[in-house]
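The chain contents come next:
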Amino acid sequence: MARAHVVGAGVAGLVAALALARGGCAVTLHEATPVAGGRCRALPDGTDNGTHALMGANHAALRFLDAIGARAGWVEPEPGGLPVLDLADGAARRIAASPLAWRDPALRPPGLTAGGLLALLGMALPLTDRPVAEALAKHPALLRGFVEPLTVAALNTPVAEASSARLGQVLRRLGGAGAARLLVARDGLGPDMIAPALATLEAAGATIRFGSRLRAMTQADGRATALHLGEETVALAEQDQVVLALPPWEAARLITGLKVPERHAPILNLHFARAGEGPVRFVGLVGGLCQWVLARPSGVSVTVSAADAETEEAVETLAPRAWAEIRRAAQAFALAGDWPEATPPCRAVKERRATPRHGVGIPPHAPRRPLKNLALAGDWTWHGLPATIEAAARSGEAAAKALLPRGRA
Ligand SMILES: Cc1cc2nc3c(=O)[nH]c(=O)nc-3n(C[C@H](O)[C@H](O)[C@H](O)COP(=O)(O)OP(=O)(O)OC[C@H]3O[C@@H](n4cnc5c(N)ncnc54)[C@H](O)[C@@H]3O)c2cc1C
């Protein structure tokens, strides 16, 4: 039986490992840390590192959830359109992310005009690449109320810097039926993705090794010939295959000459210990600190993407600011339960290299298979999308396909 070593148990590595195991390989998954999930993981107390949302258009991610039996845990909290509160003027509206729903004027983004629609179309079918703020300069209300929140969420890059062509990759995918449905994990990334993924892998015969960091790799004649994992060296036989499902800086350290994205952007998440009975809710805020608020029975989480300045701030000043905004959102959209004035205990999770920055220009192109027996995976290796769960899942599928014999992928 062919042996496959998958290095990195983030989403890309989990997807690749499952595809290889189901394709008939004896899989060993090596993860440097004590837990799986990478940038999409549960912390030791069960809190998500950060809120992760999926869209209906994320077919590879949803395929993976189906494959691990976890699809039912991902719920659509706002089927009637995303509630968005503008903190500057107090306007509370529902906005549909899908252009198909804009036939209903009540669900249109604020400031949407015929000219604004053309500007969006221009980004979806790009002839040029420029900063999103520049592409929407003539439509400031549309930029503020819809395009900026979408850009910051999907590209994790401020609009003054974010690539309009990269945003176009997202816009093009929102048109299909059900494509813009927003889904979140009902109980958390641990129970709703990582635990079922590990259980499915084990049931498929894979071995999972935590604390197994790939320190170095020996290469000869265009092949990987040995993996130096922790204290151990694994010699690779002729038939053995390797998937490196690593963040860009680790892949660049291991493969000489590999071009990878070098600039990254942080995401800040604030998790408030506020238990409630109500249904899962997801609310957008414009014009303040909080960008998205996820209220689940287990707690309330705030996401601040492209958080260059905010990650430098202390939780003691961030938490009361955020909580005051959350209370306004709770009132505007009648979120169930009590929302007391006193700020509940809050924990800040700062992911400093959450994703690459998606600025203007062509990103470095990583080859899928830089060595004969080695394929790369990872969100940054999938060029058709910004770095997301979907990009990671697609890259994992593609890496497995590149290594499996035809007909077994
Ligand atoms: C706070 C936050 C919020 C986000 N929100 C969203 C969202 O709402 N929707 C969305 O689609 N995406 C979101 N993302 C992006 C998404 O999490 C990533 O795109 C995705 O998880 C990347 O997966 P990956 O497998 O490519 O990489 P990673 O998750 O980085 O996985 C790489 C793995 O390799 C391991 N590793 C590193 N070096 C070694 C080594 N030498 N040897 C062995 N193992 C090693 C790491 O520990 C890690 O487990 C968010 C990211 C963050 C941080």
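Residues numbered from 1 in each chain as written. Predicted model: local features only at pLDDT ≥ 70, side-chain atom pairs only at ≥ 80, totals over all residues. Heavy atoms only, no water.

If you look the protein up in an unreviewed UniProt entry, it shows as FAD-dependent oxidoreductase from Roseomonas nitratireducens.

## Some remarks on the UniProt feature "domain: Amine oxidase" (unreviewed entry) in the protein
UniProt marks residues 11–273 and 314–404 with the feature "domain: Amine oxidase" (unreviewed entry), using the numbering shown here. Between the C-alpha atoms that bound residues 11–273 there is a distance of 27 Å. The span itself is 31% helix and 23% strand. The distance separating the terminal C-alpha atoms of residues 314–404 is 48 Å; by composition the span is 36% helix and 16% strand. (UniProt positions renumbered as here; feature names shortened; annotations may be inferred. Helix = DSSP H or I, 4+ residues; strand = E, 2+ residues; numbered from the N terminus.)

## Describing the nonpolar core
Within the largest apolar cluster, 47 residues are counted, with the highest numbers of intra-cluster contacts made by Leu14, Leu20, Val27, Met193 and Val243. Counting residues per element, this core draws most heavily on helix H1 (residues 11–22), at 9 residues. In this structure, Val243 is in contact with His5, Val6, Val7, Ala16, Leu20, Ala375, Ala377, Ala399 and Leu403, ignoring residues within four places of it in sequence. Leu82, Trp102, Met123 and Ala180 belong to the second-largest nonpolar core, a separate cluster that totals 36 residues. (Core = buried A, V, L, I, M, F, W, Y, C linked by side-chain atoms within 4.5 Å. Buried < 20%, exposed > 50% of the residue type's maximum accessible area, 1.4 Å probe, protein only. Contact = heavy atoms within 4.5 Å.)

## Re the pairing of strand E6 (residues 92–95)
Both strand E5 (residues 82–86) and E6 contribute to a ladder of 4 bridges, which runs antiparallel. Its bridge partner lying in E6, Leu82 is registered against Ile95. Turn length for the E5-E6 hairpin, with the two strands adjacent in sequence and antiparallel, is 5 residues, and the turn residue Gly90 shows positive phi of about 75°. (Pairing = 2+ DSSP bridges.)

## Quick word on the UniProt feature "signal peptide" (unreviewed entry) in the protein
Sequence positions flagged by UniProt for "signal peptide" (unreviewed entry) are, in local numbering, residues 1–21. Between the end C-alpha atoms of residues 1–21 there is a gap of 11 Å, over a span that is 52% helix and 24% strand.

## Side note on the packing of helix H5 (residues 140–155) against helix H6 (residues 164–171)
Two elements in contact, H5 and H6, have axes whose closest approach is 10 Å; the angle formed by their N-to-C orientations is 90°. The angle between H5 and H6 places the two elements in the roughly perpendicular class. Only Arg166, Leu167, Val170 and Leu171 of H6 make contact with H5, whose side of the interface consists of Val147, Leu150, Thr151, Ala154 and Leu155. Across the contact of H5 with H6, the residue classes break down as 7 nonpolar, 1 polar and 1 charged. (Axes fitted to C-alpha atoms, helices over the stretch in contact; angles between N-to-C directions. Parallel < 35°, antiparallel > 145°, perpendicular 65-115°, else oblique. Nonpolar A, V, L, I, M, F, W, Y, C, P; charged D, E, K, R; others polar.)

## Considering the pattern of salt bridges
Under the criterion given, the structure shown has 20 salt bridges. The partner of Glu397 in a salt bridge is Arg63, with the nearest N and O atoms 2.9 Å apart. Taken together, the residues Glu397 in helix H10 (residues 389–403) and Arg63 in helix H2 (residues 59–67) connect sequence positions 334 residues apart. Among the residues examined, Arg63 registers a relative accessible area of 42% and is labelled partly exposed. Glu390 is the salt-bridge partner of Arg173, the closest N and O atoms lying 3.8 Å from each other. Placement of the pair is Arg173 in the loop between H6 and strand E7 (182–185) and Glu390 in helix H10, with a sequence separation of 217 residues. Here the residues in one salt-bridge network are Glu161, Arg263, Asp308 and Arg357, joined through shared partners. (Salt bridge = Lys/Arg side-chain N within 4 Å of Asp/Glu carboxyl O.)

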